[in-house]
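Results of the structural survey
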Amino acid sequence: MGRIIYYLAMVANFLALAAAVFLLLTQARSMEDSLVVFVVMLAPLLAVIAIYERPDWEERKLERRVRKARLRKELEELGGA
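Presented here is a report on the structure given in the accompanying data block. Computed from a predicted model, the values in this text were never measured in an experiment. (Residues numbered from 1 in each chain as written. Predicted model: local features only at pLDDT ≥ 70, side-chain atom pairs only at ≥ 80, totals over all residues. Heavy atoms only, no water.)

Attention shifts here to a nonpolar patch on the surface. Together, Leu42, Leu45, Leu46 and Ile49 give the surface a local cluster of nonpolar side chains, amounting to about 350 Å² of exposed area. Position of Ile49 relative to the elements: it lies in helix 2 (residues 31-53). You can call Ile49 partly exposed: its relative accessible area is 44%. (Patch = residues over 30% accessible without salt bridge, like charges linked within 9 Å, V, L, I, M, F, W, Y side chains within 5 Å. Areas by Shrake-Rupley, 256 points an atom, 1.4 Å probe, with all protein chains shown as cover. Salt bridge = Lys/Arg side-chain N within 4 Å of Asp/Glu carboxyl O. Helix = DSSP H or I, 4+ residues; strand = E, 2+ residues; numbered from the N terminus. Buried < 20%, exposed > 50% of the residue type's maximum accessible area, 1.4 Å probe, protein only.)

Applying the stated rule across the entire model yields 1 aromatic pair. Centroid distance Tyr6 to Tyr7: 5.1 Å. Interplanar angle 70°. Geometry classified as edge-to-face. (Phe/Tyr/Trp six-rings, centres within 6.5 Å; stacked < 30°, edge-to-face > 60°.)

What follows concerns a positive patch on the surface. A cluster of basic residues, Arg3, Arg54, Arg60, Lys61, Arg64, Arg65, Arg67, Lys68 and Arg72, forms a positive patch on the protein surface. Counting residues per element, the positive patch draws most heavily on helix 3 (residues 57-80), which supplies 7 residues. Among the secondary structure elements, Arg65 is positioned in helix 3. You can call Arg65 exposed: its relative accessible area is 59%. (Lys, Arg positive; Asp, Glu negative; His and termini not counted. Charge placed at Lys NZ, Arg CZ, Asp CG, Glu CD.)

Its 23 residues place the ends of helix 2 32 Å apart at the C-alpha level, agreeing with the 33 Å of an ideal helix rising 1.5 Å per residue. The largest bend along helix 2 measures about 30° and falls at Leu42, with the proline Pro44 one to four residues further on. Those residues of helix 2 that sit buried are Ser34, Val37, Met41, Pro44, Val48 and Ile51. (Expected span 1.5 Å × (residues − 1). Bend = angle between axes of the 7 residues up to and from the residue.)

What follows deals with the environment of Ser30. Looking at where Ser30 falls in the secondary structure, it is placed in the loop between helix 1 (2-26) and helix 2. Counting along the chain gives 44 residues from Ser30 to Glu74, while the straight-line C-alpha distance between them is 63 Å.

Within the secondary structure layout, Arg70 lies in helix 3. You can call Arg70 exposed: its relative accessible area is 58%. For the pair Arg70 and Ser30, spaced 40 residues apart in sequence, the C-alpha separation works out to 59 Å.

This is a description of form; function is not addressed.
Right, dumping it as structure tokens:
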């Protein structure tokens, strides 16, 4: 399920970027129009960057397991004292 959401988010962001580029190339007549289109492009562009920069699924799963193992170790140390 997580992969489906990932791909849907990527497709939606790329479609938004493509629409903004299309507007920039065909509809922007003035500097103000271009500025508005660049602002519109900013949100999907930052979303794509954020999606690519996040840790992958396996890395997050490993981090969770390490965190749980540390907590168990601390609990054993506290219980044995």
